[in-house]
Amino acid sequence: MTARAADRTRYNRATAHLDAPIAIVDLEAFDANADDLVRRAAGKPVRVASKSVRCRALLERVLARPGFAGIMSYTLAESLWLARAGFEDVLLAYPSADRGAFAELAADPKLAAAVTVMVDDHSQLELIDASRAGGREEIRVCLELDTSLRMLGGRVRIGALRSPLRSPAQLAELARSVARRPGFRLVGLMAYEGHVAGVGDAVAGRPLRSRAIRLMQAAARKELAVRRAEVVRAVRAVAPELEFVNGGGTGSVQHTAAESAVTEIAAGSGLYVPRLFDNYTSFTARPAALFAQPVVRRPGVGVVTVLGGGYPASGAAGADRSPVPYLPEGLRYDPQEGAGEVQTPLLGSPADDLLIGDKVWFRHAKAGELCERFDTLHLIEGDRVTASVPTYRGEGRTFL
């Protein structure tokens, strides 16, 4: 029996009393992945990206482990909710225009002490000030550095379109603006190298593309390490008490941790390990989060139909954004239908061994977005469900 077949046996036994659709997290795999992130971070704390988890119980579980510290959130409303729930260090990774939430933040000492907001433009400071509604609490601020790789005199740009701040001078200028503005305190810097951390460098069946990605990423890491260090020096000259410099992501943990200018690493997807993280040479990990759909039809030889399953992930549309049939091994989509809104035909010889009501297990393309489809995660240890915990959705929270 293969390891995957053994996992299927465990999952089916553990969830025999549960009707699909369901979502699970294999805690042994989750904890092993957490240990691997800490190992790769080489002594630097790992800040957990909540968008990749979207379950308070699992955020609490991983933050209770040595080597993890703090949350990287994705909306201001989520940040305030987490802070009210007792999370004491929440870094909002994206700028916000939520005026009502800024008013709450500025009026509450506990929230203001726990939450740090992201800024990369003077106008964002002005929006926050205009949103205070009388609140006088000091707002903790983090600046974001553009990490993209520029080549051929800037004519070629590789990396996400995020912050407009690129040079040490630009970051220092905004740092001075924060320092001069009453009611704000600059506490951190963030730089997310998505073109390294979030792009697999071992694309199946594409050796030339894989080599090109590895060459690009090597150049990007080298350029960014130099520039990030220069930016940190420039900003620390303005704000010597800077508390943290955040960098990295699941795919670049060990590389970013090697930079002396970086004080903490961000990661989250590496806990669940969705399918987009299969194509990396820098690390291997175990799929921990899966969902199951029930077989509801047997249209013919080598075909079964499962309920629903059309859960595409965000990003540029393409086949890699669809969930992948995972267990039993050997099933594939009908290319004319793909993953459907209400039903999904699956092809392959394993279909002939599946009965009505049997579960087919899938892996989502991205991590936390799976939790927008399910209100409960069933936590599996061995061949038993040991707990069932709500996702954000299960707690009535849909922040985006």
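The shown structure was predicted, so the numbers you read here are calculated from the model rather than taken from an experiment.

1. Things to note about the environment of Gly86
Phase 1 of the analysis: Mapped onto the secondary structure, Gly86 falls in the loop between helix H4 (76-84) and strand E4 (90-92).
Phase 2 of the analysis: Sequence separation between Gly86 and Asp120 is 34 residues; the distance between their C-alpha atoms is 28 Å.

2. Here's the deal with the packing of H4 against helix H5 (residues 99-107)
Phase 1 of the analysis: Put simply, H4 and H5 touch, their axes get as near as 9 Å, and they point 35° apart. For the pair H4 and H5, the sense of crossing is left-handed. Contacts between H4 and H5 pair Leu76, Leu80 and Arg84 from the former with Ala101, Phe102, Glu104 and Leu105 from the latter.
Phase 2 of the analysis: Split by residue class, the contact of H4 with H5 holds 5 nonpolar, no polar and 2 charged.

3. Quick word on the pattern of salt bridges
Pairs may arise between side chains of opposite charge once their charged atoms sit close together.
Phase 1 of the analysis: Going through the model one piece at a time under the given rule, you end up with 31 salt bridges.
Phase 2 of the analysis: Residue Arg39 is joined to Asp36 by a salt bridge in which the shortest nitrogen-to-oxygen separation is 2.7 Å. Here Arg39 and its partner Asp36 are both found in helix H2 (residues 27-41), 3 residues apart, which amounts to about one turn of the helix.
Phase 3 of the analysis: The salt bridge partner of Arg54 is Glu372, with a shortest N-O separation of 2.7 Å. Linking Arg54 in the loop between strand E2 (46-49) and helix H3 (56-63) with Glu372 in the loop between strand E17 (359-363) and strand E18 (376-381), this pair joins segments that are 318 residues apart in sequence.
Phase 4 of the analysis: In this structure Arg54 comes out as buried when scored by relative accessible area, which is 10%.
Phase 5 of the analysis: One salt-bridge network, held together by shared partners, links Asp146, Arg150, Arg157, Arg166, Glu223 and Arg227.

4. Considerations on H2
Phase 1 of the analysis: Taking 1.5 Å as the rise per residue, H2 with 15 residues should run 21 Å; its terminal C-alpha atoms sit 21 Å apart, in good agreement.
Phase 2 of the analysis: Of the residues one or two after H2, Ala42 is the one with positive phi, at around 55°.

5. Re the state of the cysteines
Phase 1 of the analysis: Evaluated as defined, the whole model comprises 0 disulfides.
Phase 2 of the analysis: Not engaged in a disulfide, the cysteine Cys55 finds its nearest cysteine sulfur in Cys371; these two sulfurs lie 6.4 Å apart.
Phase 3 of the analysis: We classify Cys55 as buried; its relative accessible area is 0%.
Phase 4 of the analysis: What makes Cys371 buried here is its relative accessible area of 1%.

6. Re the packing of aromatic side chains
Phase 1 of the analysis: Applying the stated criterion to the full structure yields 13 aromatic pairs.
Phase 2 of the analysis: Between Tyr280 and Phe283 the ring centres are 5.4 Å apart and the planes differ by 50°, which places this aromatic pair in the tilted class.
Phase 3 of the analysis: With a relative accessible area of 7%, Tyr280 lands in the buried category.
Phase 4 of the analysis: Relative accessible area serves as the criterion here: at 6%, Phe283 is assigned to the buried category.
Phase 5 of the analysis: On the basis of an interplanar angle of 45° and a centroid distance of 5.1 Å, the ring pair of Phe291 and Tyr311 is categorised as tilted. Of this pair, Phe291 sits in strand E12 (residues 289-300) while Tyr311 sits in the loop between strand E13 (303-307) and strand E14 (324-327), and the two are 20 residues apart along the sequence. There is no split in this pair, since Phe291 and Tyr311 are both buried.
Phase 6 of the analysis: In this arrangement the basic side chain of Arg47 is found over the ring face of Phe244, its NZ or CZ atom lying 5.2 Å from the centre.

7. A word on the sheet that holds strand E6 (residues 139-144)
Hydrogen bonding along the main chain pairs the strands of a sheet, whether they run parallel or antiparallel.
Phase 1 of the analysis: With parallel pairing, the 8 strands of this closed barrel are ordered in space as E2-E3-E4-E5-E6-E9-E10-E11. Looking at each pair of strands side by side, their axes are set apart by 30° on average, direction ignored.
Phase 2 of the analysis: Contacting strand E9 (184-191) and strand E10 (244-247), helix H10 (residues 207-238) runs over the sheet at an angle of about 175° to E9.

8. Observations concerning the UniProt feature "domain: Alanine racemase N-terminal" (unreviewed entry) in the protein chain
Phase 1 of the analysis: Within this numbering scheme, the UniProt entry marks residues 25-272 as carrying the feature "domain: Alanine racemase N-terminal" (unreviewed entry).
Phase 2 of the analysis: With 46% helix and 19% strand, residues 25-272 has its two end C-alpha atoms placed 8 Å apart.

9. Section: the pairing of strand E1 (residues 22-26)
Phase 1 of the analysis: Across the 5 residues of E1, 5 count as buried, placing the element largely inside the fold.
Phase 2 of the analysis: Burial of E1 is two-sided: the residues Ile22, Ile24 and Asp26 facing one way and the residues Ala23 and Val25 facing the other way are all buried.
Phase 3 of the analysis: In this structure, E1 lies alongside E12, joined through 4 bridges in antiparallel fashion. Looking at E12, one finds that Ile24 is bridged to Leu290.
Phase 4 of the analysis: Here E1 runs beside E18; their pairing, made up of 3 bridges, is parallel. Its bridge partner lying in E18, Ile24 is registered against His378.

10. A look at the pairing of E10
Phase 1 of the analysis: Of the two faces of E10, the one holding Phe244 and Asn246 and the one holding Val245 and Gly247 are both buried throughout.
Phase 2 of the analysis: Pairing of E9 with E10 involves 4 bridges; the strand directions are parallel. Looking at E10, one finds that Met190 is bridged to Asn246.

Definitions and cut-offs
- Residues numbered from 1 in each chain as written.
- Predicted model: local features only at pLDDT ≥ 70, side-chain atom pairs only at ≥ 80, totals over all residues.
- Heavy atoms only, no water.
- Helix = DSSP H or I, 4+ residues; strand = E, 2+ residues; numbered from the N terminus.
- Axes fitted to C-alpha atoms, helices over the stretch in contact; angles between N-to-C directions.
- Left-handed = near helix turned anticlockwise from the far one by under 90°.
- Contact = heavy atoms within 4.5 Å.
- Nonpolar A, V, L, I, M, F, W, Y, C, P; charged D, E, K, R; others polar.
- Salt bridge = Lys/Arg side-chain N within 4 Å of Asp/Glu carboxyl O.
- Buried < 20%, exposed > 50% of the residue type's maximum accessible area, 1.4 Å probe, protein only.
- Expected span 1.5 Å × (residues − 1).
- Disulfide = S-S within 2.5 Å.
- Phe/Tyr/Trp six-rings, centres within 6.5 Å; stacked < 30°, edge-to-face > 60°.
- Lys NZ or Arg CZ within 6 Å of the ring centre and 35° of its normal.
- Pairing = 2+ DSSP bridges.
- UniProt positions renumbered as here; feature names shortened; annotations may be inferred.

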